[in-house]
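Report on the structure
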Amino acid sequence: MRIGHIGYAVKRIDRALTAFQNLGYEFEPVIDDTDRNVRLAFGVKDGYRIELVSPLDKKQESPVDQYLSNSVGIPYHICYESESFDIDVSELVKQGYKIVIEPKPAVAFGGRRVVFMMNIGFGLMEIVET
C-alpha cells in the first residue's frame, strides 16, 4: 500500500478551499457524494495530496460530523491506495483494525471500493482499491 492522501474534515469547503489555495494548493473540481452525504475536494501541493471533506446536507448525518463538533477543521484520516484490496483489508483486520465503514464503491474514486478502518494506536485509515 502507498499513501494516497490526508483527509481534512472541514465545516465549510468553500472557506477551506480558499485557505489552502492561498497556501499554493491546486484543486480538482468539487465532488458531491450524496451516498455518503459529503462534499469533497482533492488538492495537491509539492506532491502532497489532501482531501477536504465537509457535510453536504447539514440536516443529515455525515461521516465527518463527530470530527467537526469541536473544531472548524482537522486532519482526521490517512488514505492508502491498495493494489491488493481484499488481502490488505484482511491483513489489517488480523492486526487489530476494525472496519468502521464497510467496503463499497465511491463516486470520488470512479466507483473503486473504499473502506474505513480504525485502530486505537493508529486512528482512522481509508483504503482505496487501485
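Calculation criteria
- Per chain, residues are indexed from 1 in the order of the written sequence.
- At least 70 in pLDDT is required for a residue's local features to be given in this predicted model, at least 80 for side-chain atom pairs to be given and counted, and no such filter applies to totals for whole chains, interfaces and linings, which use all residues.
- Excluded from the side-chain calculation are hydrogens and water; included are all heavy atoms of the structure.
- For this analysis, a ring pair means two rings from Phe, Tyr or Trp (six-membered ring only for Trp) whose centres lie within 6.5 Å, classed as stacked if their planes differ by under 30 degrees, edge-to-face if by over 60, and tilted for the remaining angles.
- Counting from the N terminus, the helices are DSSP H or I runs at least four residues long and the strands are E runs at least two residues long.
- Residue exposure (1.4 Å probe, protein chains only): buried if accessible area is under 20% of the type maximum, exposed if over 50%, otherwise partly exposed.
- Contacts are assigned to residue pairs with any non-hydrogen atoms lying within 4.5 Å of each other.
- By convention a nonpolar core is built from buried Ala, Val, Leu, Ile, Met, Phe, Trp, Tyr and Cys residues, the set being connected through side-chain atoms within 4.5 Å.
- When a carboxyl oxygen of Asp or Glu lies within 4 Å of a side-chain nitrogen of Lys or Arg, that pair is called a salt bridge.
- Whenever a nitrogen or oxygen atom comes within 3.5 Å of another N or O atom, the pair is scored as a polar contact, on the condition that within protein one atom can donate a hydrogen and the other can accept it, and that pairs from neighbouring residues in sequence are kept only if both atoms are in side chains.
- Two strands qualify as a pair provided DSSP detects at least 2 bridges between them.

**Focus: the packing of aromatic side chains**
- Across all of its chains, the model carries seven aromatic pairs by this definition.
- Between Tyr25 and Tyr48, the ring centres sit 6.5 Å apart and the planes meet at 65 degrees, which makes this aromatic pair edge-to-face. Of this pair, Tyr25 sits in the loop between helix 1 (13-22) and strand 2 (26-27) while Tyr48 is found in strand 5 (residues 48-55), placing the two residues 23 residues apart along the sequence.
- Relative accessible area serves as the criterion here: at 13%, Tyr25 is assigned to the buried category.
- By way of ring pairs, the aromatic residues Tyr8, Phe20, Tyr25, Phe27 and Tyr48 are connected into one cluster.

**A short note on the environment of Gly4**
- Positionally, Gly4 belongs in strand 1 (residues 2-10).
- Along the backbone, Gly4 and Ile50 are 46 residues apart, and their C-alpha atoms lie at a distance of 8.4 Å.
- Excluding its chain neighbours within four sequence positions, the residues that come into contact with Gly4 are Arg49, Cys79, Tyr80 and Glu81.

**Regarding the nonpolar core**
- Counting residues in hydrophobic clusters, the biggest one holds 22 residues, and the most contacted among them are Tyr8, Phe20, Phe27, Ile50, Leu52, Met117 and Ile127.
- Among the elements of the structure, strand 1, helix 1, strand 5, strand 6 (73-82), helix 3 (85-94), strand 8 (113-119) and strand 9 (123-129) are those that each provide at least two residues to this core.
- In terms of residue count, the dominant contributor to this core is helix 1 (four residues).
- If we ignore the near neighbours within four places in the chain, the residues touching Phe20 are Tyr8, Tyr25, Phe27, Ile50 and Leu52.
- Judged by nonpolar contacts, the second largest core, of 16 residues, contains Val38, Ala108, Phe109 and Leu124.

**Looking at the pattern of salt bridges**
- Counting across every chain of the model gives seven salt bridges.
- Here Arg113 makes a salt bridge to Asp86, at a shortest N to O gap of 3.0 Å. Here Arg113 is found in strand 8, whereas its partner Asp86 is found in helix 3, with 27 residues between them in sequence.
- Close ionic contact of Arg113 with Glu129 constitutes a salt bridge, the shortest N to O distance being 2.8 Å. Here Arg113 is found in strand 8, whereas its partner Glu129 is found in strand 9, with 16 residues between them in sequence.
- Assessed through its relative accessible area of 22%, Glu129 is described here as partly exposed.
- Salt bridges sharing partners connect three or more residues here, namely Asp86, Arg113 and Glu129.

**Comments concerning the side chain of Ser82**
- With respect to the secondary-structure elements, Ser82 resides in strand 6.
- In this structure Ser82 comes out as buried when scored by relative accessible area, which is 0%.
- A distance of 3.1 Å separates a polar side-chain atom of Ser82 from the backbone nitrogen of Phe85.

**Considerations on the pairing of strand 8**
- Most of strand 8 sits out of view: five of its seven residues are buried.
- The sheet contact formed by strand 7 (residues 98-105) and strand 8 spans five bridges and is antiparallel. Note that in strand 8 the partner of Ile99 across the bridge is Met117.
- Pairing of strand 8 with strand 9, which is carried by six bridges, proceeds in the antiparallel orientation. Residue pairing in the sheet places Val114 in a bridge with Val128 of strand 9.

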